[in-house]
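One letter stands for each residue in the lines below.
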Amino acid sequence: MSRARLSPKFALRLGAGIAVFFLLLAAALGVGFQAGAGLAWARSAMLAMGAASLLAGIVIAWFIARSFHRSRHNALKTAERLDRVLQNVNARDS
């Protein structure tokens, strides 16, 4: 089973999408506050936005860390295979 790595282009699109989403939420917050929804509504909306952004940041960091781990793991496996091949070649040459 092949797992796709997180490409920089996808990470940029994901980050831009999240930024636009939170800007729209902030605009909705401003409109709601001006419409007389009150300070309690604004506070709860800001807390919800903060929690959502924290969760999004954790998810994005997890995807990036997983991608780096997979790359490192694949490089290590390749180095071990190359080492075994070179040991066999050196043993045959002796």
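Structure report, in brief.

What counts as what
Residues numbered from 1 in each chain as written. Predicted model: local features only at pLDDT ≥ 70, side-chain atom pairs only at ≥ 80, totals over all residues. Heavy atoms only, no water. Helix = DSSP H or I, 4+ residues; strand = E, 2+ residues; numbered from the N terminus. Buried < 20%, exposed > 50% of the residue type's maximum accessible area, 1.4 Å probe, protein only. Areas by Shrake-Rupley, 256 points an atom, 1.4 Å probe, with all protein chains shown as cover. Patch = residues over 30% accessible without salt bridge, like charges linked within 9 Å, V, L, I, M, F, W, Y side chains within 5 Å. Salt bridge = Lys/Arg side-chain N within 4 Å of Asp/Glu carboxyl O.

A word on the overall build of the protein chain
Working step 1: When helices and strands are tallied, the protein chain shows two helices and zero strands.
Working step 2: Per-residue burial over the protein chain gives 10% buried out of 94 residues.
Working step 3: Of the roughly 7,600 Å² of accessible surface on the protein chain, a fraction of 69% belongs to carbon and sulfur atoms.

Details of a nonpolar patch on the surface
Working step 1: Residues L55, V59, W62 and F63 make up a contiguous nonpolar surface patch of about 390 Å² in total accessible area.
Working step 2: With respect to the element layout, V59 can be found in helix 2 (residues 39-93).
Working step 3: For V59, a relative accessible area of 37% corresponds to the partly exposed category.

Describing the environment of A45
Working step 1: With respect to the element layout, A45 can be found in helix 2.
Working step 2: According to the relative accessible area criterion, A45 is buried, its value standing at 17%.
Working step 3: Sequence-wise, A45 and A26 are 19 residues apart; in three dimensions their C-alpha atoms are separated by 8.9 Å.

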